[in-house]
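Each chain, letter by letter, is given below.
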Amino acid sequence: MLKIENHNFKIKSSETNLRQRLYQEESIISVQIMTEFFPQQVDEKIVSGAVDIKVDLQNIHSLSNLENKTYKGDIGNVTISVNNMGVWEHKSLDTFEITFGNKEGNDISYSVKAEGLLIEEKTTIVSLYTTSRDKETLSKHFDLKDFYETCTEREIGKSHIYKYYAKEN
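Residues numbered from 1 in each chain as written. Predicted model: local features only at pLDDT ≥ 70, side-chain atom pairs only at ≥ 80, totals over all residues. Heavy atoms only, no water.

Q: Looking at this model, I keep getting lost on the nonpolar core. Mind explaining?
A: A general tendency of soluble globular proteins is for nonpolar side chains to be buried together. V51, I53, I98, F100, L117 and F142 are the most contacted members of the largest nonpolar core, which has 42 residues in total. Those residues in contact with L117 that lie beyond four places of it in its chain are L2, K3, I4, V51, V78, I80 and V112. (Core = buried A, V, L, I, M, F, W, Y, C linked by side-chain atoms within 4.5 Å. Buried < 20%, exposed > 50% of the residue type's maximum accessible area, 1.4 Å probe, protein only. Contact = heavy atoms within 4.5 Å.)

Q: Could you clarify how one ought to interpret the side chain of N17 in this entry?
A: Looking at the element boundaries, N17 is found in strand β3 (residues 11–23). Among the polar contacts listed, one links the side chain of N17 to the side chain of S127, at a separation of 2.5 Å. Non-local contacts of N17, meaning those with residues more than four positions away in its chain, are made with S30, V31, Q32, V126, S127 and Y129. (Helix = DSSP H or I, 4+ residues; strand = E, 2+ residues; numbered from the N terminus. Polar contact = N/O pair within 3.5 Å; in protein donor to acceptor, adjacent residues only side chain to side chain.)

Q: Please explain the environment of N106 as it appears in this structure.
A: Among the structural elements, N106 can be located in the loop between β9 (96–104) and β10 (107–114). Using a relative accessible area of 14% as the deciding quantity, one classes N106 as buried. C-alpha of N106 to C-alpha of T123: the two residues are 17 residues apart in sequence and 8.4 Å apart in space. Beyond its immediate sequence surroundings of up to four residues, N106 is in contact with T123, T124, I125, A166, K167 and E168.

Q: Please explain the pairing of strand β13 (residues 159–166) as it appears in this structure.
A: Two faces belong to every sheet, and in a regular strand the side chains alternate between them. As judged from the four bridges shared by strand β11 (residues 117–130) and β13, these two strands associate in the antiparallel manner. Residue pairing for β13: T130 is matched across the bridge by Y162. Note: strand β12 (residues 147–156) against β13, seven bridges, orientation antiparallel. Bridged to E153 within β13 is Y162. Here β12 folds back onto β13 in antiparallel fashion, the turn holding two residues, of which G157 has a positive phi close to 65°. (Pairing = 2+ DSSP bridges.)

Q: Sorry if this is basic, but what is going on with the pattern of salt bridges here?
A: For side chains of opposite charge, pairing can occur when their charged atoms come near one another. Counted under the stated rule, the structure contains eight salt bridges. The shortest N-O distance in the salt bridge between K91 and E5 comes to 3.3 Å. Of this pair, K91 sits in strand β8 (residues 87–93) while E5 sits in the loop between β1 (2–4) and β2 (7–9), placing them 86 residues apart in sequence. The class for K91 is partly exposed, based on a relative accessible area of 28%. Among the salt bridges present, the one from K122 reaches E104, with a minimum N-O distance of 3.2 Å. With K122 in strand β11 and E104 in strand β9, this pair connects stretches of sequence that are 18 residues apart. Exposure remark for K122: the relative accessible area of 41% places this residue in the partly exposed category. Connected via shared salt-bridge partners are E5, K91 and E115. (Salt bridge = Lys/Arg side-chain N within 4 Å of Asp/Glu carboxyl O.)

Below is the structure:
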């Protein structure tokens, strides 16, 4: 279920990508959920779009650490992007509440409550990005059991970015 400004929308897709990084020797996991919704008529206009949720979390060392947890306050950012008859409108919210439910395979249920927004949905975890120097360093901070061992690597400047893909369980 997706409700924006008291209008219900049918969800097209919802996917999650994680990013792991170290900040002052502390592992930070950024969870990014992109939820797209189908076009619908609202007040004689056709609207469609997406909701992009980004939340930075500490003490997340595996996907199971997300289960049945609630985070609220200024924990990240929610951007609501609406295509209103060909004109894009964006609303950014820094204060919100996100609750993760049970994980089934690489899907996890979640709900988001914010000003003018309510989402209750399942999202598919797709990947984990990291700039950790090697798999051993990453494994010290995050359990990779839910991800394939094979990863892709890109070099941007002096940084190496590794992308691990979630296993279909």
